[in-house]
Amino acid sequence: MTLAGAAPRTGDGTRPVPAVVTTSKSPSYALRAEAHRLGARWGLPVVERHRGSVAAARGSAATALVCTSEGLVAESARGRLSFHQGTAAKRLRTVRHGGTDPLVRAGELRPGDRVLDATLGLGRDALVAAWAVGAGGQVFGIEADLVLAVLADAGFAGPVPRPGSAPVRVRHGDSRQVLTAMAAAGEHVDVVLLDPMFTDPRASDHGFALAREHTVPTPLTPTWIELARAVARRRVVVTAERARPWFADAGLERLEGTRSGRWFRAPGGVS
Ligand SMILES: C[S@@+](CC[C@H](N)C(=O)[O-])C[C@H]1O[C@@H](n2cnc3c(N)ncnc32)[C@H](O)[C@@H]1O
């Protein structure tokens, strides 16, 4: 279960299939090969598209992951979703031009760091972290939703991350379990990020709204912070709509000087 052994979860045949993999119409040989590679990697069925609709290929699955010449697209009855920089584009411009970013500041991120993003989503924070820690660093991303994990994994392997960024290794799963296993194995990182879903959807990053149908609403709890601190050497960085009464006991304090006031951090618990 630890990061070193991180591997995508495969379908076990006992649960409904959350997604199928298919291609755009009349696919090239390369696109079909890519669909089969993805299906094998994530344990998802591959549906040959031929000339039919995506909805037909999707069948009873909620989502079709469609390999296209422009990259991977997740299509559900509610819309299409793909990996792109979103709000990270502006943040990356700012830090590249010497400005500050709340994640970089809160985590005191520096070249060579190992960062664990325990709520990866579509990887905007991870893109910023990967650039900040540079090619000599490492970023691990854990995402509880399979479709988001597959999209992010494909996205990080594509052209979006800036040259000189750290590689981002994506794993599908519950980061509370991963953190527990890491602590038991004595495995550490420099910084852990927790950016869980806000309870008020209006408070979420606007660019993340489309992804909402896929997200898992794990509540932020003292236990999650404690698990993260048991693995972080320097900092646990947390976002929240507002400070909770238990934040001080969990070691969390607000990062001063941000416009949103939603960034908090606690010291790492590993000496
Ligand atoms: C607000 S989003 C994160 C956005 C991300 N920081 C970004 O910059 O794109 C929260 C994400 O955490 C995921 N999540 C919720 N509970 C989780 C858990 N226990 N383990 C891993 N991921 C989880 C949700 O599915 C969602 O995609």
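Residues numbered from 1 in each chain as written. Predicted model: local features only at pLDDT ≥ 70, side-chain atom pairs only at ≥ 80, totals over all residues. Heavy atoms only, no water.

### A closer look at the domain arrangement of the chain
Along its sequence, the chain is organised into domain 1 (3-82) and domain 2 (88-267). Counting from both sides, the interface comprises 21 residues of domain 1 and, opposite them, 24 residues of domain 2. Buried surface at the junction of domain 1 and domain 2, both sides included, amounts to about 1,900 Å², of which 69% is carbon and sulfur. Across the domain 1-domain 2 interface, the total number found is one salt bridge. Linking R41 and D153 is a salt bridge whose minimum nitrogen-to-oxygen distance equals 2.9 Å. At the surface where domain 1 touches domain 2, the tally comes to one residue pair in polar contact (both at pLDDT 80 or more). If you list the elements that add at least two residues to the side of domain 1 that touches domain 2, you get α1 (29-42), β2 (63-68), β3 (71-76) and β4 (79-82). If you tally residues by element for the side of domain 1 that touches domain 2, the top one is β3, at four residues. Tallied by class, the residues present in the side of domain 1 that touches domain 2 amount to 14 nonpolar, three polar and four charged. (Domains from an automatic or database assignment. Contact = heavy atoms within 4.5 Å. Buried area = accessible area lost by both parts, 1.4 Å probe. Salt bridge = Lys/Arg side-chain N within 4 Å of Asp/Glu carboxyl O. Polar contact = N/O pair within 3.5 Å; in protein donor to acceptor, adjacent residues only side chain to side chain. Helix = DSSP H or I, 4+ residues; strand = E, 2+ residues; numbered from the N terminus. Nonpolar A, V, L, I, M, F, W, Y, C, P; charged D, E, K, R; others polar.)

### Description of unusual backbone geometry
In this model, S26 sits at a positive phi of 45 degrees, which is unusual for a non-glycine residue. As for its placement among the helices and strands, S26 is situated in the loop between β1 (19-23) and α1. Note on S26: relative accessible area 47%, which makes it partly exposed. For E108, which is not glycine, the phi dihedral falls at a positive 50 degrees. Along the chain, E108 falls in the loop between α4 (102-107) and β5 (114-117). E108 gets classed as partly exposed once you look at its relative accessible area, which sits at 30%. (Buried < 20%, exposed > 50% of the residue type's maximum accessible area, 1.4 Å probe, protein only.)

### What about the sheet that holds β4?
The sheet built from four strands is open, its strands ordered β1-β2-β3-β4 with mixed pairing. For this open sheet the edge positions go to β1 and β4, each flanked by a neighbour on one side alone. Strand-to-strand, the axes of this sheet are offset by a mean angle of 25 degrees, without reference to chain direction. Pairing of β2 with β3 involves five bridges; the strand directions are antiparallel. Paired with V66 across the strands is V73, a residue of β3. Those strands touched by α1 are β1, β2 and β3, and its axis lies near 165 degrees from that of β1. Set on the sheet, helix α6 (residues 146-156) makes contact with β1, β2, β3 and β4; between it and β3 the angle comes to about 160 degrees. (Pairing = 2+ DSSP bridges. Axes fitted to C-alpha atoms, helices over the stretch in contact; angles between N-to-C directions.)

### Some points on the sheet that holds strand β8 (residues 189-194)
If you walk across this open sheet you meet the seven strands as β7-β6-β5-β8-β9-β11-β10, and the pairing is mixed. For this open sheet the edge positions go to β7 (168-172) and β10 (253-254), each flanked by a neighbour on one side alone. Of the pairings in the sheet, the one linking strand β9 (residues 232-239) to strand β11 (residues 263-267) comprises five bridges and is antiparallel in character. From the neighbouring strand, V238 faces β11, where its bridge partner is F264.

### Things to note about the pairing of β5
Relative to strand β6 (residues 138-143), β5 runs parallel, the two sharing four bridges. Its bridge partner lying in β6, L116 is registered against F140. Between the parallel pair β5 and β6, the chain is carried across by helix α5 (residues 124-133), and the sense of this crossover is right-handed. Where β5 meets β8, three bridges bridge the pair, whose relative direction is parallel. Bridging across to β8, L116 finds its partner in V192. (Right-handed = clockwise from strand over helix to strand, strands pointing away.)

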